[in-house]
Amino acid sequence: MKRVPLTVGVFLVCLALMMYIVLPAAWAEAGAPQQAIVVYATGMISTVDEPMKEYLVDEALRLAEERGVPLIVVLDTYGGYLDAAWSIGDAFLEAKVPVIGFVKSKALSAGIIILLPMHVVALTPYAIVGASQPIIYNPATGTMQFVNESKIVNPVVQKAVSYARARGRNETAARLFVTKNLVLTGEEAVKAGVADLI
């Protein structure tokens, strides 16, 4: 797959985001059709969990499919819960409209799991993605424990690899995100075939 040069890639992402964020508001006032649904999985709603799944899938993706327009997800997350990540990832994989992801800062842990099945992935050069080894978090003590049990790790690996394969992304990198906590910058992710443009 041909990669877009850095400056052209950044320009195209900025142009696309302007077209899909600024112009639809003006078009809506003029009665013109909306060109895309744009959602932000950042800040207060950045944890990959059931509320994010409801926001991204039950509301935003459903609306995008009803209107026949792309869904643009601006993602900035440290991760979250595996069951929610798989629900979101499966929905993006089976989406009837293009799902486009844009990561300005980070998509770590469960974040990379939901990014892999998107149709188009754009990152800033300084964004980071990866580090998906499962953990067990104890809210009572605030401690976490890394999971190395193959019964848990292997399904996570295979899910990440299957998402990568479905979108023609680097399957080895998808595996290493889970087994070795591989982390890539935006530039590295594009060169490795994990993302499409920076």
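The preceding data block contains the structure.
Draft legend 1. Representation of the nonpolar core. Membership of the largest hydrophobic core comes to 53 residues, with the highest contact counts inside it found for Leu 71, Val 73, Phe 92, Leu 115, Leu 123 and Val 129. No other element matches helix 5 (residues 150–166), which puts seven residues into this core. Here Leu 123 is in contact with Val 103, Leu 115, Val 129, Gly 186, Ala 189, Ala 195, Leu 197 and Ile 198, once residues within four sequence places are set aside.

Draft legend 2. The arrangement of the pairing of strand 4 (residues 120–123) in detail. The sheet contact formed by strand 3 (residues 99–108) and strand 4 spans four bridges and is parallel. When the bridges of strand 4 are listed, Val 103 appears paired with Leu 123. For the segment spanning strand 3, helix 4 (residues 110–115) and strand 4, crossover handedness is right-handed.

Draft legend 3. The environment of Tyr 40, seen in detail. If you trace the backbone, Tyr 40 turns up in strand 1 (residues 37–41). Each C-alpha atom, one on Tyr 40 and one on Phe 102, is 9.6 Å from the other, the two residues being 62 residues apart in sequence.

Draft legend 4. Expanded view of unusual backbone geometry. The phi dihedral of Ser 109 falls on the positive side, at around 55°, and the residue is not glycine. Among the secondary structure elements, Ser 109 is positioned in the loop between strand 3 and helix 4. For Ala 131, which is not glycine, the phi torsion reads 55° and is therefore positive. Mapped onto the secondary structure, Ala 131 falls in the loop between strand 5 (128–130) and strand 6 (135–138).

Draft legend 5. Main features of the pattern of salt bridges. Under the counting rule described, the total for this entry stands at six salt bridges. Lys 106 is the salt-bridge partner of Asp 76, the closest N and O atoms lying 2.7 Å from each other. Remark: Lys 106 occurs in strand 3 and Asp 76 occurs in strand 2 (residues 71–77); sequence separation between them is 30 residues. Residue Asp 76 is classed as partly exposed on the basis of its relative accessible area of 22%. We note a salt bridge from Arg 169 to Asp 196, for which the minimum N-O separation is 3.2 Å. Of this pair, Arg 169 sits in the loop between helix 5 and helix 6 (171–179) while Asp 196 sits in the segment after helix 7 (186–191), and the two are 27 residues apart along the sequence. Among the residues examined, Arg 169 registers a relative accessible area of 5% and is labelled buried.

Calculation rules
- Residues numbered from 1 in each chain as written.
- Predicted model: local features only at pLDDT ≥ 70, side-chain atom pairs only at ≥ 80, totals over all residues.
- Heavy atoms only, no water.
- Core = buried A, V, L, I, M, F, W, Y, C linked by side-chain atoms within 4.5 Å.
- Buried < 20%, exposed > 50% of the residue type's maximum accessible area, 1.4 Å probe, protein only.
- Helix = DSSP H or I, 4+ residues; strand = E, 2+ residues; numbered from the N terminus.
- Contact = heavy atoms within 4.5 Å.
- Pairing = 2+ DSSP bridges.
- Right-handed = clockwise from strand over helix to strand, strands pointing away.
- Salt bridge = Lys/Arg side-chain N within 4 Å of Asp/Glu carboxyl O.

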